[in-house]
Amino acid sequence: MGRYFMEKAHRLPICTKYDIAVVGGGIAGVCAAIAAARRGKRVLLLERMFALGGLATLGLVTVYLPLCDGNGKQVSFGIAEELLKLSIQHGFEADNPYTWLKPGNGQHGKQRYQVRFNAQVFAVLMEELLEEAGADILYGTVVTNAVMEEGRLGGLIIENKSGRQFVEAASFVDASGDADVYQFAGAPTALYEKKNSLAAWYYATEDGRTSLHMLGAADVLPKDPNAEIPVRIASQRISGVDAWEISGQMREAHRHSLKAFLEKGGVSESHSLTTLAMLPQLRMTRRICGEYTLDETESHRFFEDSIGMIGDWRKCGPVFEIPLRTLYRADIPNLAAAGRCISVTDAMWDITRVIPACAVTGQAAGTAFALNETLTQLKAASVQEALKQDGVILHESKTI
Ligand SMILES: Cc1cc2nc3c(=O)[nH]c(=O)nc-3n(C[C@H](O)[C@H](O)[C@H](O)COP(=O)(O)OP(=O)(O)OC[C@H]3O[C@@H](n4cnc5c(N)ncnc54)[C@H](O)[C@@H]3O)c2cc1C
């Protein structure tokens, strides 16, 4: 039995009330905030770091995986496509996109609409996009608790340089990647059974060339024989929701990055360890148990309440429609999940955790709350109509 300290009750300043508060400024949170703000809602995005993009930028995961099914058919649209193009607005690091960006180029062959972007440039461009949309961003702010009031989420406790405050909103999006808000609200969540292997991606410059080094294995490796196969660098696996474990993993990642860099020589004018990941590179941690839990066996299945589609980054062919019901639980109807913590099985998680899928679910969550603050009162058809207006194609039967 652990020891406890009883905190005294104190009065917390209440922030201005927003229509929608989005927790987490990763790809999912950015898309949710943009979608809601563009529909005229007052949106506050809360992010514990000081830049946008989450794992995609601060975690150095600079590979925008495909928007297509691997057979030349694009399946993810809307803000997922807008962000992909934004990420390479000022150039790309690898995976030349110009073959499929050419106007009128209908023949994409097996090109997978994939690009490698510059993390810092992309982070700043996303910030500008959010500002243009009219959303407020509060950086350096950790959400530490959620307060339930009569079957709804009433507000969030936040901590930042100004101290502790209470954030009120009509509805909330949990884009924390770890379903933190659901956990704080006392809702059932699930952990990834196999836990996370260590990843230590870093950037280094050698002889004028800066490149990404991907240390640490993915759980399912790409079948492409030419792909750079990352090797496993640690045997221990961690859940990703224990602070001591995460700190230990970060230290180990730092050690591996430095060792790998030094094996190629010390620091010099032509050899530099350019960037270490500023977020723990955790793939699958905690997810919500929503109204529907999507499984990898449900490829090509029609869902009446689909909010968009994704491919399977690991292989050509599969296409998944994502039901709106994977984003929420009816017992907290003014809260939705977006990004890597939506309701899926362990097997499906490896498919929905990647950037395009996080963008698709983020846009849907923001759009849904722009239409109604209570998801159980909202007809899926209304969200779908709004998403279609914004360029999203919902069903596989509608793609060419
Ligand atoms: C090693 C590795 C390799 C990967 N490779 C690829 C790849 O090649 N291509 C690809 O598309 N995807 C890849 N992914 C997956 C992908 O990068 C992420 O899963 C995706 O970007 C997650 O987006 P998200 O917005 O759901 O969550 P995150 O990016 O995790 O964003 C969550 C945000 O919320 C903030 N936050 C969390 N908790 C709180 C809190 N309590 N209060 C305030 N803020 C909070 C975090 O700081 C973060 O900015 C990889 C992931 C890893 C770890």
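Note that this is a predicted model, so its numbers are computed, not measured.

Cut-offs applied
- Residues numbered from 1 in each chain as written.
- Predicted model: local features only at pLDDT ≥ 70, side-chain atom pairs only at ≥ 80, totals over all residues.
- Heavy atoms only, no water.
- Salt bridge = Lys/Arg side-chain N within 4 Å of Asp/Glu carboxyl O.
- Helix = DSSP H or I, 4+ residues; strand = E, 2+ residues; numbered from the N terminus.
- Phe/Tyr/Trp six-rings, centres within 6.5 Å; stacked < 30°, edge-to-face > 60°.
- Buried < 20%, exposed > 50% of the residue type's maximum accessible area, 1.4 Å probe, protein only.
- Near = heavy atom within 4 Å.
- Polar contact = N/O pair within 3.5 Å; in protein donor to acceptor, adjacent residues only side chain to side chain.
- Areas by Shrake-Rupley, 256 points an atom, 1.4 Å probe, with all protein chains shown as cover.
- Nonpolar A, V, L, I, M, F, W, Y, C, P; charged D, E, K, R; others polar.

A. Seen up close, the pattern of salt bridges. Applying the stated criterion across every chain, the model contains 21 salt bridges. Put simply, E82 and R38 hold a salt bridge, and the shortest N to O gap is 2.7 Å. Of the two residues, E82 is situated in helix α2 (residues 79-87) and R38 in helix α1 (residues 27-38); the sequence distance between them amounts to 44 residues. Taken together, the shared-partner salt bridges connect E296, D312, R314, K315, D350 and R353 into one network.

B. Main features of the packing of aromatic side chains. Evaluated as defined, the whole model comprises five aromatic pairs. Ring geometry for F50 and Y139: centres 6.3 Å apart, planes at 50°, overall tilted. Pair noted here: F50 is in the loop between β2 (43-46) and β3 (63-64) and Y139 is in the loop between β5 (136-138) and β6 (142-149), with a separation of 89 residues, a long-range link. In this structure F50 comes out as exposed when scored by relative accessible area, which is 65%. Seen from their ring centres, Y292 and F303 are 5.4 Å apart, and the 70° between their planes marks the pair as edge-to-face.

C. The site of the ligand, seen in detail. Surveying the vicinity of the ligand reveals 33 residues, the closest of which are E47, R48, L55, V63 and R353. Residue L55 places a main-chain N or O atom 2.8 Å away from an oxygen atom belonging to the ligand. Taking V63, its main chain carries an N or O atom lying 2.7 Å from a nitrogen atom of the ligand. Protein coverage of the free-state accessible area of the ligand, which is 1,000 Å², stands at 97%. Those elements that place two or more of their residues in the shell around the ligand are α1, β6 and α8 (355-371). Counting residues per element, the shell around the ligand draws most heavily on α8, at three residues. By residue class, the composition of the shell around the ligand is 19 nonpolar, eight polar and six charged.

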